[in-house]
2 protein chains.
Amino acid sequence: MDTADLLERSYPGRRAELKRDIFHKALSLFNEQGIEATTIEMIRAECDTSVGAIYHHFGNKEGLVAALFFTALEDQARLRDAYLDAADTTEKGVQALVFSYVDWVEQQPQWARFQYHARFAVTKGPFKDELAERNKTRNLRLRQWLTQSGRAAELQDLPAELLPSLIIGQADSYCRAWLAGRVKGSPSAYREVLAQAAWRSIRAEGLAEN
Amino acid sequence: MDTADLLERSYPGRRAELKRDIFHKALSLFNEQGIEATTIEMIRAECDTSVGAIYHHFGNKEGLVAALFFTALEDQARLRDAYLDAADTTEKGVQALVFSYVDWVEQQPQWARFQYHARFAVTKGPFKDELAERNKTRNLRLRQWLTQSGRAAELQDLPAELLPSLIIGQADSYCRAWLAGRVKGSPSAYREVLAQAAWRSIRAEGLAEN
DNA sequence: TCCGTTACAGAATAATGTTCTGTAACGGAA
DNA sequence: TTCCGTTACAGAACATTATTCTGTAACGGA
């Protein structure tokens, strides 16, 4: 399960060959050199194609960035929903969110790294509306889980807008540190610790929980 | 306590007037338009100066970004160290880290937002060595606190490289959400909740703690 | 007052993003 | 199979933007 697999999944077929290749090479370059520092010419050379081809498929550099970003978001959400579907208790749900997050980051470090760095550009740029649109539908399953009836009883009395950060914040922070090379242990090696930490921080204070 | 104050603090004196102005205006533009989308010409026009002046002070666009980034980091650390010095227990220390983080973000939203978005570029670019250098000295106080003797007894048995993320991850996540406009409540309004959550997630399991 | 240094101006240049026009490959319809 | 609209690609021309360079003015200590 690597970058190539993700691309086959999202853009299958022979006719999308070059498109996948541009995706793949651009992703690497953006991550290695930085987004600004990567020129269209570099991508063109790496893919042994023409600028025309790149602009044909993606419109412009911003479009390429946005397309990569959306692809990453969608793939990550796919895994998250799968994990969430298998969780039958609140604690398991929290675990599912943390596990799916760190597992995906570790399976797709390239895409994860890029996602972190491209978010701002996409949020500001001309694709911000499309982003908001996609967010809405992509996070349906998550929102449904969060607001499921009876959830509140198992959790502390917390502002709803705080919940996502409380659940995923620590894992997210560690993943960033790992991708930046500031720490060595892989995120998924700590998945239980991270899930535990999240759960301990939001669960209602029971008497006999561990 | 706003952007202007921060600048007076970091670059005082009359002769740094234009430099401060460039900082100030560039920061706003970078945040509003995005870093790539902001041209030197825009900054020049906004400051009513010349490109020569900008390049004289900062070398190039990357240098300007790096200078802004370093300024933000240093100011944030200043507040953190101040809070940390006043904390006399482990729990208070965790609280100090969370409080200083959210308070600074709320006092300096412009700088905070920029910091998030510029990190990658600086990490990759020609200033990465200077960044690593500065990180080392800037985080001295923090590292000292983290490794202070007796700390481990009050905390769960956790990998050291996980600690920073466990303490600050949730607050960090919420700050990002707030700066991006995804949530409404200001970070410092939730400072106690966030500090509590962090503490609950890492403290050793006592019997009679609340 | 002199003089080296720093601060700034703005035209010239270079690097890079984008457009545009043309050509080839594709794939269904007749 | 042939035709034809559509999609895929090529690469030169163009536009925008970053950067350099040369010159001038202000500063500040000797």
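Residues numbered from 1 in each chain as written. Chains lettered and ligands numbered in written order. Predicted model: local features only at pLDDT ≥ 70, side-chain atom pairs only at ≥ 80, totals over all residues. Heavy atoms only, no water.

Things to note about the protein's contact with DNA strand C
- In the neighbourhood of DNA strand C, 18 residues make up the surrounding shell, with Ile40 of chain A together with Thr49, Ser50, His56 and His57 of chain B lying closest.
- In this structure, a phosphate oxygen belonging to DNA strand C sits 3.1 Å away from a side-chain N or O atom of lysine 61 of chain A.
- Within the side chain of histidine 57 of chain B, an N or O atom sits 2.5 Å from a phosphate oxygen of DNA strand C.
- Sorting the residues of the surface near DNA strand C by element identifies helix H4 (51-58) of chain A together with helix H4 (51-58) of chain B as the ones contributing at least two each.
- Ranked by residue count, the leading element in the surface near DNA strand C is H4 of chain B, at five residues. (Near = heavy atom within 4 Å. Polar contact = N/O pair within 3.5 Å; in protein donor to acceptor, adjacent residues only side chain to side chain. Helix = DSSP H or I, 4+ residues; strand = E, 2+ residues; numbered from the N terminus.)

Re the interface of chain A and chain B
- Between chain A and chain B, the residue contacts involve 36 residues of the former and 36 residues of the latter.
- Across the chain A/chain B interface, buried area totals approximately 3,300 Å², and carbon plus sulfur atoms make up 55% of it.
- On the chain A side of the contact with chain B, Phe120, Glu161 and Arg200 of chain A bury the most area, a combined 22% of that side's loss.
- At the boundary of chain A with chain B, the tally comes to zero salt bridges.
- At the boundary of chain A and chain B, one finds 21 residue pairs in polar contact (both at pLDDT 80 or more).
- Those elements that provide at least two residues to the side of chain A that touches chain B are helix H2 (17-33), helix H7 (109-124), helix H11 (163-179) and helix H12 (191-202) of chain A.
- A per-element tally of the side of chain A that touches chain B places H11 of chain A first, with seven residues. (Contact = heavy atoms within 4.5 Å. Buried area = accessible area lost by both parts, 1.4 Å probe. Salt bridge = Lys/Arg side-chain N within 4 Å of Asp/Glu carboxyl O.)

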